[in-house]
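# Observations on the model geometry
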Amino acid sequence: PILPLLYDTDTATIDRPGTCKPPRFHHPEDAEAQVAMAVGYYRERFGRPPAGMWPSEGAVSPEIIPLIARHGLQWIASDQGVLAKSGRWGYDAGNPEVLARPYQVVGAGRPLAVFFRDTAMSNLISFYYHRAYQDMDLAARDFARRLTHDIADRLTSQADRILSVILDGENTWAAYGTQAPAFLASLFGT
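Residues numbered from 1 in each chain as written. Predicted model: local features only at pLDDT ≥ 70, side-chain atom pairs only at ≥ 80, totals over all residues. Heavy atoms only, no water.

## With respect to the overall build of the chain
Heads up, the condition is: Each helix is a run of H or I in the DSSP string that is no shorter than four residues. Each strand is a run of E no shorter than two, and both are numbered from the N terminus. In this scheme, a residue with accessible area under 20% of its type's maximum is buried, one over 50% is exposed, and one in between is partly exposed, where area comes from a 1.4 Å probe on protein chains only. Contacts were defined at the residue level, with two residues in contact if any of their heavy atoms lie within 4.5 Å. Each accessible area value is a Shrake-Rupley result obtained with a 1.4 Å probe; residue values ignore everything except the protein chains displayed when judging cover.
Per the secondary structure count, the chain includes 9 helices and 4 strands. When the helices and strands of the chain are listed from N to C terminus, the series reads α-α-β-α-β-α-α-β-β-α-α-α-α. Per-residue burial for the chain yields a buried fraction of 34% across its 190 residues. Residue pairs at least 24 apart in sequence account for 59% of intrachain contacts in the chain once pairs closer than 6 positions are excluded. For the chain, the computed accessible surface area is about 11,100 Å², with 56% contributed by carbon and sulfur atoms.

Have a look at this one:
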């Protein structure tokens, strides 16, 4: 489920004042249970708790930060569009200096790092390369070229940066089919 909507649908229009809302659905206990079940599921599968999470669809809100932090997560990830509408006036999320850095919020008295994915770079892998390229080496080289030209060459400071490439997981690898291993090998070899 989309955690902020499960928590409280009245926060759905936080960035669109005056928008018509549905009847209020407010179940923070269900949002809390979803995070607890996700953490438990991960722990069962991997033998340790997760360090972070991509909430469903990258949906976040100030209200869900404390419940995520209470479950011991150290980071969350969201989308570039969320960063563009965050803060008092929003951020210049198209600027790699702004996008490719971690942010921090505090929830339940604990710091929580927030990473925002580069939507365009992520969508190249999720929706473009498997259709546009037969040769996965060429696809990987194109991604590396774009990474250099569109991101790295635009950085002006020497500060460390983190570019988050987060994929639309339920679509991506099925669309690549048997080409998925070739693309990943090429990408990591480039």
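## Brief notes about a nonpolar patch on the surface
Note the threshold: Put simply, a patch holds well-exposed residues, over 30% relative accessible area, that have no salt bridge, with like charges counted together within 9 Å and Val, Leu, Ile, Met, Phe, Trp or Tyr side chains within 5 Å. Each reported salt bridge corresponds to a side-chain nitrogen of Lys or Arg within 4 Å of a carboxyl oxygen of Asp or Glu.
Taken together, the side chains of W173, L184 and F188 present a nonpolar region at the surface, about 320 Å² in accessible area. Along the polypeptide, L184 turns up in helix 9 (residues 180–189). Classification of L184 as partly exposed rests on a relative accessible area of 31%.

## Describing the sheet that holds strand 1 (residues 52–53)
Quick reminder of the rule: When DSSP locates at least two bridges between a pair of strands, those strands are taken to pair.
If you trace the 4 strands from one edge of the open sheet to the other, you get 1-2-4-3, paired in mixed fashion. In this open sheet, the two strands that pair with only one neighbour each are strand 1 and strand 3 (103–107). Pairing of strand 1 with strand 2 (residues 75–79), which is carried by 2 bridges, proceeds in the parallel orientation. By the bridge assignment for strand 2, G52 is matched with W75.

## With respect to the nonpolar core
Worth spelling out the cut-off: Put simply, a nonpolar core is a bunch of buried Ala, Val, Leu, Ile, Met, Phe, Trp, Tyr and Cys residues held in one set by side-chain atoms that sit within 4.5 Å of each other.
Of all hydrophobic cores here, the largest spans 20 residues; its most connected members are V35, I68, I76 and L83. Contributing elements (two or more residues each) for this core: helix 1 (3–7), helix 2 (28–46), helix 3 (65–70), helix 5 (96–99) and strand 4 (110–117). Residues within four places of I68 in sequence aside, it is in contact with V35, M53, P55, L73, I76 and L112. Within the second largest apolar cluster, 13 residues are counted, among which are L124, I125, M136 and A180.

By themselves these figures say nothing about function.
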